[in-house]
Amino acid sequence: MASAAKQLIAGDLVAFPTETVYGLGADASNSAAVARIYSVKGRPNDHPLIVHIASMDRMGDWASDVPEYAIALAREFWPGPMTLVLKRSELAGDFVTGGQDTVGVRVPNHVVALALLEAFEKEGGKGVAAPSANRFGHVSPTTAAAVVEELAGYLSKEDLVLDGGACAVGVESTIIDCTGFLPRVLRPGAISIAMIEEVTGLSTLSVDGQDEMRVSGSLENHYAPAAKVLLYETPMPGQGLIAYNGVKTPSGVIRLASPRDDEEFAQILYAALRQADAQGLSEVVVMQPIGAGIAVAIRDRLTRASNGR
Ligand code: TXA
Ligand code: MG
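From a predicted model like this one, the values you see are computed outputs, not experimental measurements. Throughout this document, residue positions are counted from 1 along each chain, in the order its sequence is written. Each chain takes a letter, starting from A, and each ligand takes a number, starting from 1, following the order in which they are written. The predicted origin of the model limits local features to residues at a pLDDT of at least 70 and limits the giving and counting of side-chain atom pairs to 80 or more, whereas totals for whole chains, interfaces and linings rest on all residues. Excluding hydrogens and water, the side-chain figures rest on all heavy atoms present in the structure.

1. Comments concerning the sheet that holds strand 1 (residues 14-16)
In step 1: We call two strands paired when DSSP finds no fewer than two bridges between them. Numbering of helices and strands runs from the N terminus, with a helix taken as a DSSP run of H or I at least four residues long and a strand as a DSSP run of E at least two residues long. Here we have 10 strands laid out as an open sheet, ordered 7-1-2-6-3-5-4-8-9-10, and mixed in their pairing. Strands at the two margins of the open sheet, each flanked by one partner only, are strand 7 (160-161) and strand 10 (205-206).
In step 2: Relative to strand 10, strand 9 (residues 184-187) runs parallel, the two being bridged by 2 bridges. The residue bridging V185 from the neighbouring strand is S206, located in strand 10.

Structure representation (structure tokens):
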């Protein structure tokens, strides 16, 4: 950890596990290091990055005017699968925030991530900018092997990939905009609206992913494997299938995953989509979970992955 932290300070990239998905980390106060994240991911550089810190004590380094409800959320859910969007401090440069006057901050809940962040802070670091460790638009990696598969061709010899096993949550953090009077969910995740409302006592707004896509005019193809993702079709021979374990596999259909509950569905979804590509399938049918909680996040990602299909 100490040597990985030193490499971050030196400007190298370190991919690391979190409880949600693997992140591709760089020193968030080093513009050259952060620029490498964008080039390795092939990501447009007006897309803001999340700054990862070891504890909420560091929030004040990156954010200013933090509202009381955001502090209540941080106390309750950090370390955990939640990102708070706050008014930025001077430390949060345009190269991290995509030029916005806000910054996304998160304390991840994973022993390897926390050990890395603590070692980094011991070396004088302030925070680690880390997007999901995939090429732009692709499925987020939930294992170290998936990170290597995605990024090996783009990383340099000095960069590191830390292996912390498979991610427990499996979908990206809930992003909550805390710059208004009420919390607003920008991306659903394991921390649900009901959980946010219970802790803050405030009614919580949310941005509907489908509305957002409709407004922007074009369906954003994100979180997507090479295989076409189909959400509303009966699986046919030769197609992949991801569905609850109670659903039988029709003959000739390639079963990719059989989760027993919504949590397991989230945990194995991205690995199953990668499996579809590894097996060279051109189409995969996913029978989405219904209901609230993390099922909302699963449907959000699948809607984007399916490009409206
Ligand atoms: O679970 C996660 O959040 C993972 C792990 C590695 O922490 N990270 C992640 O990062 O998913 P990324 O970059 O793949 O997705 C972050 C999302 C982006 O869609 C970005 O636009 C949004 O967070 N975001 C970051 N900062 C923001 C800000 N200041 N305002 C609005 N959205 C922001
Ligand atoms: Mg991402």
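2. Some thoughts on the nonpolar core
In step 1: Among the nonpolar cores identified, the biggest contains 44 residues, and L24, W62, L73, W78, M82, L84 and L86 are the most heavily contacted of them.
In step 2: Secondary-structure elements contributing two or more residues to this core are strand 2 (23-27), helix 2 (31-41), helix 3 (59-62), helix 4 (68-77), strand 4 (82-87), strand 5 (102-106) and helix 7 (144-151).
In step 3: We call two residues in contact whenever any of their non-hydrogen atoms come within 4.5 Å of each other. Look past the residues within four positions of L84 in its chain and what remains in contact with it is A70, L73, A74, W78, V103, G104, V105, I176 and C178.
In step 4: With 26 residues, the next largest nonpolar core counts A227, L269, A272 and V286 among its residues. By nonpolar core is meant a set of buried Ala, Val, Leu, Ile, Met, Phe, Trp, Tyr and Cys residues that side-chain atoms within 4.5 Å join together. Relative accessibility under 20% of the residue-type maximum defines a buried residue, over 50% an exposed one, and the middle range a partly exposed one, all with a 1.4 Å probe and only protein chains included.

3. Quick look at the site of ligand 1
In step 1: Distances are taken per atom, and a residue is near a molecule or strand as soon as one of its heavy atoms is within 4 Å of it. Within the structure, ligand 1 sits among 22 residues, and T20, R43, H52, S132 and S173 are positioned closest to it.
In step 2: Two N or O atoms form a polar contact when they lie within 3.5 Å of each other; inside protein one atom must be a possible hydrogen donor and the other a possible acceptor, and for residues adjacent in sequence the pair counts only when both atoms belong to side chains. In this structure, T20 approaches ligand 1 through a side-chain N or O atom, which is 2.7 Å from an oxygen atom.
In step 3: Contact distances for ligand 1 include 2.9 Å between an oxygen atom and a side-chain N or O atom of S132.
In step 4: For the accessible areas, the method is Shrake-Rupley and the probe is 1.4 Å, while residue cover comes only from the protein chains on display. In the complex, the protein chains occlude 87% of the 680 Å² of accessible area that ligand 1 would expose alone.
In step 5: The cavity that encloses ligand 1 is the largest pocket.
In step 6: Listing elements by their share of the shell around ligand 1, those giving two or more residues are strand 3 (50-52), strand 5 and strand 9.
In step 7: It is strand 5 that contributes the most residues to the shell around ligand 1, 4 residues altogether.
In step 8: Gly counts as polar in this scheme, as do all residues outside two lists: the nonpolar Ala, Val, Leu, Ile, Met, Phe, Trp, Tyr, Cys and Pro, and the charged Asp, Glu, Lys and Arg. Considering only residue class, the shell around ligand 1 consists of 10 nonpolar, 8 polar and 4 charged. Whether a set of points on the 1 Å grid over the protein atoms alone is a cavity depends on a 1.4 Å probe fitting there but being unable to get out, while an open set qualifies as a pocket with protein on both sides within 12 Å along at least five of seven lines; lining residues are those with an atom within 4 Å of a point. To decide whether a molecule occupies a pocket or cavity, check its atoms: if more than half lie within 2 Å of the grid points, it is inside.

4. What to know about the packing of helix 1 (residues 2-10) against helix 6 (residues 111-122)
In step 1: For every element, the axis is a line fit to its C-alpha atoms; helices are fit only across the contacting stretch, and the angle between N-to-C directions ranges from 0 to 180 degrees. One can describe the packing of helix 1 onto helix 6 by two numbers: an axis separation of 8 Å at closest approach and a directional angle of 60°. As the angle between them shows, helix 1 and helix 6 are arranged oblique. Judged by the twist between their axes, the crossing of helix 1 over helix 6 is right-handed. Residues A2, A4, A5, L8 and I9 of helix 1 form the contact with helix 6, whose own contacting residues are L116, A119 and F120.
In step 2: Along the lines of polarity and charge, the residues of the contact of helix 1 with helix 6 split into 8 nonpolar, no polar and no charged. Just so you know how the angles are binned, under 35 degrees is roughly parallel, over 145 roughly antiparallel, 65 to 115 roughly perpendicular, and the rest oblique. Should the near helix be turned counterclockwise from the far one by less than a right angle, the crossing is left-handed, whereas a clockwise turn marks it as right-handed.

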